[in-house]
Amino acid sequence: MSVSPDLARPIVDRYGRVHRDLRISLTDKCNLRCTYCMPAEGVPWLHKENILTTDELVRVAEVAAALGIVEVRLTGGEPLLRPDAVDVVARMSTIVGEDGPLEVSMTTNGIRLPQLAEPLVEAGLTRVNVSLDTLRRDRFHDLTRRDKLPEVLAGIDAAFAAGLAPVKINAVAMRGVNDDELVDLVTFARDAGAEMRFIEQMPLDAGHTWTRAAMVTGEEILAELERVFDLTEFGDRGTSPAERFLIDGGPTTVGVIRSVTLPFCGACDRVRLTADGQLRNCLFAREESDLLGVLRSGGTDDDIAALMHTCIAGKLPGHGIDDPGFLQPDRPMSAIGG
């Protein structure tokens, strides 16, 4: 791998944001059918021949590391549905960037963690976020259209047993769906030794049914938690999307991600790569840069680096959800990667 000195520089956009976090979707497939993400019948999957191979993923990560990327987060769909997910982690965790080996983390629904948590840790995975929107089995089934809550809970246990820390549990707060469980979820996470993180629902569903009125705001989330817990703002947020609060003086914390009502676009340091090789400079971008074409047409590492620089140079100052002309991305979250 060789990137020319004039291209081996940090990926900086027009607004001075330095990009150090690469989100890579390993697959668009998922073993759940969450109502806020996709219809019951699912969505058309990407053609297998268009999915980036492991060699291609590693090559992109190597170039990204030469441009200052220090963390790779593996997402999906459900990343652990990719048959060689452990091998992807193993190979990426050996890539060395300016601050040493890449930090390789993952966001997962946890269903396959009982079988894979230990191999993932041995391969070099450092952290894991597990998605869990409800603790009620009937509600989980209604929400995901699958009866898999016991497997997710077992996956969280497996993550701890394998030594993954910190374990973060992500929940999308939804009005009339799980907004009566916010305190229960924090209590569960605190007792397990995890950090609970609540996320405002974003307009990334396949059916384009999102409305602001139906969204539970971060302010509402905090108000509900403050009925039971004493919350104290904690730490320097930096480029993190979550505001963190100590619960009853700590050490347990809870995070709230107000992507819609209090966006953190001004500090965003993320670039995304979809499973079919499209670079995205924003979760809500309407345009993509075709890295798959570069990889499969004999492109050099300089060509990959140049496309990364060009993609990020076109990044807008914010996601524009509040703009009158905002249009939801054509791809749903499962195809973009979280």
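Keep in mind the model is a prediction, meaning the values are calculated, not measured. (Residues numbered from 1 in each chain as written. Predicted model: local features only at pLDDT ≥ 70, side-chain atom pairs only at ≥ 80, totals over all residues. Heavy atoms only, no water.)

Turning next to the sheet that holds strand E16 (residues 289–290). Within the open sheet, the 12 strands sit side by side as E11-E12-E13-E10-E9-E8-E7-E4-E3-E14-E15-E16. Their pairing is mixed. Where the open sheet ends on each side, the last strands, each with one partner, are strand E11 (231–233) and E16. Here strand E9 (residues 167–173) pairs with strand E10 (residues 195–200) via 6 bridges, running parallel. Note on E10: the bridge partner recorded for Val172 is Ile199. On the sheet, helix H5 (residues 149–161) packs against strand E8 (127–131) and E9 and is oriented at approximately 165° with respect to E8. Where helix H9 (residues 301–313) meets the sheet, its contacts fall on strand E14 (270–273), strand E15 (278–280) and E16, and the angle it forms with E15 comes to roughly 40°. (Pairing = 2+ DSSP bridges. Helix = DSSP H or I, 4+ residues; strand = E, 2+ residues; numbered from the N terminus. Contact = heavy atoms within 4.5 Å. Axes fitted to C-alpha atoms, helices over the stretch in contact; angles between N-to-C directions.)

Among the 6 residues in E10, 6 count as buried, and that is most of the element. Tracing the backbone out of E9, into helix H6 (residues 182–192) and back to the parallel element E10 gives a crossover that is right-handed. Bridge count between E10 and strand E13 (residues 253–257): 4 bridges; the pairing is parallel. By the bridge assignment, Met196 is partnered in E13 with Val254. (Buried < 20%, exposed > 50% of the residue type's maximum accessible area, 1.4 Å probe, protein only. Right-handed = clockwise from strand over helix to strand, strands pointing away.)

Relative to each other, helix H1 (residues 54–66) and helix H2 (residues 85–92) sit at 30°, their axes nearing to 10 Å. One way to sum up the angle between H1 and H2 is to call them roughly parallel. Considering only the axes of H1 and H2, their crossing is right-handed. Between H1, through Thr54, Asp55, Leu57, Val58 and Ala61, and H2, the contact on the second element is made entirely by Asp87, Val88, Arg91 and Met92. Each residue belonging to the contact of H1 with H2 can be placed in one class, and the counts come to 5 nonpolar, 1 polar and 3 charged. (Parallel < 35°, antiparallel > 145°, perpendicular 65-115°, else oblique. Left-handed = near helix turned anticlockwise from the far one by under 90°. Nonpolar A, V, L, I, M, F, W, Y, C, P; charged D, E, K, R; others polar.)

That bond from Gly76 to Gly77 is cis: its omega, 20°, falls within 30 degrees of zero. Topologically, Gly77 is positioned in the loop between strand E4 (71–75) and H2. Residue Pro166 is bonded to the preceding Ala165 through a cis peptide linkage, with omega at -5°. As for its placement among the helices and strands, Pro166 is situated in the loop between H5 and E9. Residue Arg145 is not a glycine yet carries a positive backbone phi of 60°. Here Arg145 shows up in the loop between helix H4 (137–144) and H5. Exposure remark for Arg145: the relative accessible area of 27% places this residue in the partly exposed category. With phi around 50°, Asp248 is a residue other than glycine that occupies positive phi space.

Before going further, it helps to examine the side chain of Arg139. Along the chain, Arg139 falls in helix H4. Assessed through its relative accessible area of 18%, Arg139 is described here as buried. At a separation of 2.8 Å, a polar atom in the side chain of Arg139 contacts the side chain of Glu181. Setting aside residues up to four positions removed in sequence, Arg139 forms contacts with Thr134, Val177, Asn178, Asp180 and Glu181. (Polar contact = N/O pair within 3.5 Å; in protein donor to acceptor, adjacent residues only side chain to side chain.)

Turning next to the environment of Gly76. By the element assignment, Gly76 lies in the loop between E4 and H2. By relative accessible area, which is 6% here, Gly76 ends up buried. For the pair Gly76 and Met106, spaced 30 residues apart in sequence, the C-alpha separation works out to 9.3 Å.

Next up on the list: the UniProt feature "binding site: [4Fe-4S] cluster 1" (unreviewed entry) in the protein chain. Following the UniProt record, one finds the feature "binding site: [4Fe-4S] cluster 1" (unreviewed entry) at Cys30, Cys34 and Cys37. Tracing the sequence through the fold places Cys34 in the loop between strand E3 (21–25) and H1. Setting aside its immediate chain neighbours within four residues, Cys34 contacts Leu143, Thr144 and Arg145. For Cys37, a relative accessible area of 15% translates into the label buried. (UniProt positions renumbered as here; feature names shortened; annotations may be inferred.)

Further remarks concern the UniProt feature "binding site: [4Fe-4S] cluster 2" (unreviewed entry) in the protein chain. Per the UniProt record, the feature "binding site: [4Fe-4S] cluster 2" (unreviewed entry) sits at Cys265, Cys268 and Cys282. These annotated residues cover 18 residues of sequence, and their C-alpha atoms all fall within 9.2 Å of one another, placing them together at a single site. Following the sequence through the fold, Cys265 ends up in the loop between E13 and E14. Exposure remark for Cys265: the relative accessible area of 16% places this residue in the buried category. You can see Cys268 is positioned in the loop between E13 and E14. Its relative accessible area of 13% is what places Cys268 among the buried residues. Look past the residues within four positions of Cys268 in its chain and what remains in contact with it is Arg17, His19 and Lys315.

In terms of nonpolar packing, the biggest core is built from 86 residues, with Leu74, Met92, Phe198 and Leu225 touching the most fellow members. For this core, the leading source of residues is H1, giving 7 residues. With sequence-adjacent residues up to four places away left out, Leu74 is seen in contact with Ile24, Leu26, Pro79, Val88, Val89, Met92, Val104, Ser105, Met106 and Thr107. Formed by 11 residues, the second largest nonpolar core is a distinct cluster that contains Ile199, Met215, Ile257 and Phe264. (Core = buried A, V, L, I, M, F, W, Y, C linked by side-chain atoms within 4.5 Å.)

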